[in-house]
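So you can see what is in the structure, the chains are spelled out below.
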Amino acid sequence: MLTGAGVAVATALVLLLIGLPFATQERGDRASWQEPSYGSGEDGPATISVSWSRDYTDGEQITRVDVAALGDPGSVRLPEGVPAFPAPGEALVSPELARLVDRLPGSQLADRFGDRIVGTLGEDALEYPEQLVALVGQRADQLPIGYPQHGFTSGLGTEHDLQLRFLAGVGVVVLLVPSLVLVASAARLTAARRERRLAALRLAGATPRQVISMVAAETAIAAAGGALLGFAASPLLHAAASHVPWGGGTWQPTDFQLPLAVSLPIVVAVPALVLLAAVLGLRRVMWTPLGATAAHRRKPPHWARLLALPAAGGFFFAMVSASADSGGGVLPVLAGLGLVIASAMVVGPWVTSAIGGVFLRIWRRPAMLLAGRRLRDDPKGAYRASAGVVLAVFTGSMALTLMPSLESMAGSSSPFRDSVLYLEADRATATDVVRQTNDELARYGQDERALALGQVTLRNGSDAIQPAIVADCATASVLLRFDMNGACSATPGIYSDYPLDPEQLTVTGSWEAGTAGEPFAPGTPMRPILSNGAEISSTPIVDPAVLPEGVEFQHALVAVPTTEENREVVRTALAGSAHGIEIQSRETRLDRQQGQLADLRRVTVIGLVAASLLAGCSAAIATAGSVMDRRRTFGALLAAGTPVRVLARAIRTEAAMPALVATVGAGAVGVIVAMGLYSLIQPGAVVLTPWILAPVALGALVALLAASVCRPALNRVRSEPLADE
Amino acid sequence: MRPQTTEDPLRTAGARPALCGRGLTKRYGEQYALAGVDIEIEAGEALAIVGPSGSGKTTLLHVLAGILRADSGEIELAGQRIDRLNETRRAELRRTEFGFVFQSGMLVAELSAEENVALPLLLGGQARRSALATAREWLGKLGLAGKESRRPGELSGGEAQRAAIARSLAHQPKVIFADEPTGALDTRTGRDTMDALLGAAAETGAAVVIVTHDRELADSVPRRVAIRDGRIDTGVSAA
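About the cut-offs
For every chain, the first residue of the written sequence is number 1, and numbering continues from 1 onward in sequence order. Here every chain gets a letter starting at A, and every ligand a number starting at 1, in the order they are written. Selection of residues for local features in this predicted model requires a pLDDT of at least 70, selection of side-chain atom pairs for listing and counting requires 80 or more, and totals for whole chains, interfaces and linings are taken over all residues. Comment: elements are numbered from the N terminus, with helices defined as DSSP H or I runs of at least four residues and strands as E runs of at least two. Throughout, a pair of residues is in contact if the C-beta atoms placed from their backbones lie within 7 Å. Residues with at least 20 neighbouring C-beta atoms inside 10 Å of their own are called buried, those with 12 or fewer are called exposed, and the rest are partly exposed, where every C-beta is derived from the backbone. Confidence of the predictor in every single residue is expressed as pLDDT, which spans 0 to 100. For two strands to pair, DSSP has to find at least two bridges joining them. In this classification, the charged set is Asp, Glu, Lys and Arg, the nonpolar set is Ala, Val, Leu, Ile, Met, Phe, Trp, Tyr, Cys and Pro, and all remaining amino acids, among them Gly, are polar. Every helix has an expected span of 1.5 Å times one less than the residues it contains. Relevant arc is that of directions from the helix axis to the C-beta atoms, nothing else. Put simply, a nonpolar core is buried Ala, Val, Leu, Ile, Met, Phe, Trp, Tyr and Cys residues tied into one set by C-beta atoms within 7 Å. Angles shown run from 0 to 180 degrees and are taken between the N-to-C directions of axes, each axis being a line fitted to C-alpha atoms and, for helices, limited to the stretch in contact. Put simply, angles under 35 degrees are roughly parallel, angles over 145 are roughly antiparallel, angles from 65 to 115 are roughly perpendicular, and the rest are oblique. For a crossing to be left-handed, the near helix must be turned anticlockwise from the far one by less than a right angle; the clockwise case is right-handed. Crossover handedness is defined here as right-handed if the route from the first strand over the helix to the second strand goes clockwise, with the strands pointing away from the viewer.

1. Notes on the overall build of chain B
Right, on to step 1. Helix and strand counts for chain B come out as seven helices and 10 strands.
Right, on to step 2. Of the contacts made within chain B by residues no fewer than 6 positions apart, 72% connect residues no fewer than 24 positions apart.

2. Structural notes on the overall build of chain A
Right, on to step 1. Along chain A, the regular secondary structure elements total 18 helices and 17 strands.
Right, on to step 2. Counting all 725 residues of chain A, 49% fall into the buried class.
Right, on to step 3. Long-range pairs, those at least 24 residues apart, make up 83% of the contacts in chain A with a sequence separation of at least 6.

3. A few points about the confidence of the model for chain A
Right, on to step 1. Looking at chain A as a whole, the pLDDT averages 81, with 84% of positions reaching at least 70.
Right, on to step 2. Across residues 288-295 of chain A, confidence stays below pLDDT 50; counting only partners more than four residues off in sequence or on other chains, it has 24 contacts.

4. A word on the sheet that holds strand β1 (residues 19-28) of chain B
All names here are of chain B.
Right, on to step 1. Strand order in the open sheet made by the four strands is β2-β1-β4-β5, with antiparallel pairing throughout. The sheet is open, and its two edges are formed by β2 (31-41) and β5 (80-81), each paired on a single side.
Right, on to step 2. Of the pairings in the sheet, the one linking β1 to strand β4 (residues 72-77) comprises five bridges and is antiparallel in character. Bridging from a neighbouring strand, G21 pairs with I75 of β4.

5. Some remarks on the confidence of the model for chain B
Residue and element names in this part refer to chain B.
Right, on to step 1. The predicted model of chain B averages 84 in pLDDT, with 90% of residues at 70 or higher.
Right, on to step 2. Here residues 7-14 is modelled with pLDDT under 50, and outside its nearest four sequence neighbours on either side it reaches 13 contacts, counting other chains as well.
Right, on to step 3. In the predicted assembly, ipTM is 0.78 and pTM is 0.64.

6. Comments concerning the interface of chain A and chain B
Right, on to step 1. Residue-level contacts link 23 residues of chain A with 23 residues of chain B.
Right, on to step 2. Of all the elements, helix α9 (residues 366-377) of chain A adds the most residues to the side of chain A that touches chain B, at five residues.
Right, on to step 3. Residue classes in the side of chain A that touches chain B are distributed as 11 nonpolar, five polar and seven charged.

7. Describing helix α6 (residues 187-204) of chain B
Residues and elements named next belong to chain B.
Right, on to step 1. Across its 18 residues, α6 extends 26 Å between first and last C-alpha, which sits within 8% of the 26 Å expected from 1.5 Å per residue.
Right, on to step 2. All of the buried residues in α6 are G190, T193, M194, A196, L197, A200 and A201. Projected down its long axis, α6 shows its buried positions confined to an angular sector of 160 degrees, all on one face. Along α6, the residues that are exposed and aim more than 90 degrees away from the buried face are T187, R188, D195, G199 and E203.

8. Things to note about the environment of A:C617
Residue and element names in this part refer to chain A.
Right, on to step 1. For C617, the position within the fold is in helix α14 (residues 586-629).
Right, on to step 2. Among the residues examined, C617 registers 24 C-beta atoms within 10 Å and is labelled buried.
Right, on to step 3. On a C-alpha basis, the gap between C617 and V702 in space is 8.9 Å, while along the polypeptide they are 85 residues apart.

9. A look at the nonpolar core
Right, on to step 1. Judged by nonpolar contacts, the single largest core of 162 residues is most densely connected at A:A619, B:I49, B:A163, B:V175, B:V208 and B:V209.
Right, on to step 2. Ranked by the residues each element gives to this core, the list is headed by helix α16 (residues 644-681) of chain A, at 18 residues.
Right, on to step 3. Ranked by size, the runner-up nonpolar core spans 54 residues in total, among them A:I18, A:V93, A:A125 and A:F152.

10. Topic: the environment of B:T58
All names here are of chain B.
Right, on to step 1. Structurally, the position occupied by T58 is in helix α1 (residues 57-65).
Right, on to step 2. As for T58 and E180, which are separated by 122 residues in sequence, their C-alpha atoms are 9.0 Å apart.
Right, on to step 3. What T58 contacts, discounting residues up to four positions off in sequence, is D179 and V211.

11. Looking at the pairing of strand β12 (residues 505-508) of chain A
Right, on to step 1. In this sheet, β12(A) lies alongside strand β8 (residues 451-460) of chain A in antiparallel orientation, the contact comprising four bridges. Note on β12(A): the bridge partner recorded for A:T457 is A:T508.

12. Description of the packing of α14(A) against helix α18 (residues 710-719) of chain A
Between two packed helices, the angle of one axis relative to the other and the distance separating the axes together describe the packing.
Residues and elements named next belong to chain A.
Right, on to step 1. Where α14 meets α18, the closest approach of the two axes is 9 Å, and the angle between their N-to-C directions is 25 degrees. The angle between the axes of α14 and α18 places the two elements in the roughly parallel class. As for the relative orientation of α14 and α18, their crossing is right-handed in sense. Counted together, T623, A624, V627 and M628 of α14 and C710, A713, L714 and V717 of α18 form the full contact between these two elements.
Right, on to step 2. Looking at the contact of α14 with α18 residue by residue, the class counts come to seven nonpolar, one polar and no charged.

13. Digging into the pairing of strand β7 (residues 175-179) of chain B
Residue and element names in this part refer to chain B.
Right, on to step 1. With five of its five residues buried, β7 lies for the most part within the structure.
Right, on to step 2. As judged from the five bridges shared by β7 and strand β8 (residues 207-212), these two strands associate in the parallel manner. Among the inter-strand pairings, V175 is bridged to a residue of β8, identified as A207.
Right, on to step 3. One crossover worth recording links β7 to the parallel β8 by way of α6, and it is right-handed.

14. Quick word on the sheet that holds strand β3 (residues 46-50) of chain B
Pairing between sheet strands relies on hydrogen bonds along the backbone, with the strands arranged either parallel or antiparallel.
Residue and element names in this part refer to chain B.
Right, on to step 1. In space, the six strands of this open sheet follow the order β6-β7-β8-β3-β9-β10, with mixed pairing throughout. The open sheet has two edge strands with one neighbour each: β6 (98-101) and β10 (231-232).
Right, on to step 2. Sheet topology places β3 next to strand β9 (residues 223-228); four bridges connect them, and they run parallel. Bridge pairing in β9 places V50 opposite A226.
Right, on to step 3. Across the face of the sheet, helix α5 (residues 157-169) comes into contact with β6 and β7 while running at roughly 170 degrees to β6.

15. Quick look at the packing of helix α3 (residues 113-123) of chain B against α5(B)
All names here are of chain B.
Right, on to step 1. At their nearest, the axes of α3 and α5 sit 7 Å apart, and the two run at 25 degrees to each other. Judged by the angle between their axes, α3 and α5 are roughly parallel. For α3 against α5, the interelement crossing comes out right-handed. Across from A113, N116, V117, L119 and P120 in α3, the residues of α5 making contact are A163, A166 and R167.

16. Focus: helix α11 (residues 427-443) of chain A
Residues and elements named next belong to chain A.
Right, on to step 1. Spanning 17 residues, α11 covers 24 Å between terminal C-alpha atoms, matching the ideal 24 Å at 1.5 Å per step.
Right, on to step 2. The complete set of buried residues in α11 reads T429, A430, V433, V434, T437, E440 and L441. Considered in projection along α11, the buried side chains sweep an arc of 140 degrees and stay on one side of the axis. Along α11, exposed side chains directed more than 90 degrees from the buried face belong to A428, A442 and R443.
Right, on to step 3. Where α11 is buried, its residues touch β7 (421-426), β8, β17 (555-560) and α13 (567-578).
Right, on to step 4. Trailing α11 by a residue or two, G445 shows a phi angle of about 75 degrees, which is positive.

Shown next as structure tokens:
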């Protein structure tokens, strides 16, 4: 029963985790038309011009695709779920966006999408059911950054969401190992309880091989039944998983459906692994039928096992270093990570045995004596019970070390204030966008106005170049995140938060190298200003009054200040005039980063809780098994008057102590490994928060709770202490 | 209907017994394992309870020792009623006043011989050093000197059973209960083990209650009580 249930859980989990890459592929394929298909010119002549951008409404992301037919729109092959090709001024929107459009005034949303909304996109065209998407028709000459391609992008064959694929791989390891430990523990518990039957079979002349075959057949039936149950129950798990948001939205339940060619081998492989684990456990029971405790002394594990961890750690850090230096692949790093995880199985028993040795030296009470002897005699068995907890704690510590560090990386170097909406365009487009936007703002009765800020390049000597913004002091103080430091009350100049010598600088209106620059007029002042924020990029500001004649900027930033109240209206005015150019703001960029981190946090918490539950169950079963293994001895001790609480304390100590020590060790190793991984992404120290202790505390709690199941098991023995099982 | 009690025929009124059971009954479903048994054991006395399999002799031992609770009847230890005690108090009684020897020793496999013997003392709160010293002393008395640090698996069957006897005696109990103590031993080793048990018990003044179906073993015990179908068999009991 326990075996079957364990296999069912393991099978359903593996089917879900293996299904994640397929699900992301499914999602990505549906939404591939929303992305560019660079290099599609090889497919044939360009039939459409497309631009892709992200828009926002009330913090929610809208995927916007502006499209113009370059020939006959009827000849363009439409993606699934897109009912028609939108003519200029028309738009098709997703059902969720349609609901928002209906609910909000046109000035806040609908006006961004042309003159009228003519249809709704089907689910087959959406990444996830609640996705906000707009397909907006344009005239080809109205798409300044349109990309010509042969029809819409078809995503078949492209890989999507590598981050989730990586996490799914980690999830398979983190959840599958505790599942297998759980099942093996369950099989072993059942086997220990069959001790008398095994003995009877052996007395009847069955060889150990025959006995193992017989019992393995029973396990195989339970495992196969469990696998089928897990397979049958997996749609329920898929339905539950489809509600977990990732990448902005939930899933369609069908996303997780695996092809039979993939799911069938899994349904066969999981019980096969279980059978293997059970047979290995049975062999141990066969040779020492009273349990893993030997009547004779066993040699403690050799200290050389300890070398496994530094060896694996050294390899891991060497791979990290090589990868960081040469930009090499992630695979060697993952292999190193795998070795570090595997080394725990080598080092763990030695540590367990060492703890047992310490107990035996210092014991004063029988609980510690019994625990010490048990740990010393069967360190592998004692450690095995806590292996799942160790893995969960290791992964959790690693994730929670990386998370705040990644969060600390989040931010935006944009010099604009959070409330400013801006876009980048060439000079002519920028002028057009400013004019149209201001017309719209005036129509909406808004006082805010769009401004075009020129982009120029400062050159210091031959090589050193620095982009700069052309803006007068008053405009800069409204739009940019700089403290102008009183510069606005002085004569115009160059404003910079780091020292510049105007006499050494030349300025050009384009970014291209080799363009000859114009020097600033002699005596042009440099006004020091202060940046508000650590991650802001130093961007000098050139007042138009000191810009040398003849310098004409070719690119500009169109910027509009907003308030909380008018932000959506201003965005609508800007988006309606931007012709597919993406509107940016520091606020939405930070929101996007926070969304990605929230995804990571969510899957980490779900993974940790699931792994802890599985690990706790297997540790609890192992503890119950250790009582049942020694049922007769404990029964005799209880009959002779030993209080249950004394035996319970001994078994708790024996079960929880290695888990507690291993948990702390796994937490420490997890933090160290995370530091290595983080150094791959960003040089510098990781951010350590008290939260990294959470997995250790969770693991310790799980270990203690699992160890506490010895009490009911002992109570069961106490009810009939001298009865044979 | 409540069964008629059957008295131990050889007991007569006299000194207060160490352990006394009166009108003891125990039922498993509809089946009476004990059908009204009266029995007395004097201090320092050795008593063998004999009978065929299923006669109720092990149940009687378990009821007298407080491992099982009788359905009815009274049990006194040194004149004090013990049948009404709760499980915690009965466990304490078993730990302090009784000693147990089981058929296969039931030693803790991972502990050495001296640790096994010291275990009841340690559980009773005795310090490590003095408990181990007492254990060594008892092992010496039972001929196991030099084998104190051996595990049960490193002892012969007879040695392991003597270690179990040492464990049952180390805390100076008033009564030792032995359930088929030689059942797993050959005849000669069994006889030696019985001699060791009775000799050591005599030294401490403990009463010994032995359950056995081995007539020869029972004959080596000064007093015997036969039990059949849950009743004392007056026709078979003999001194």
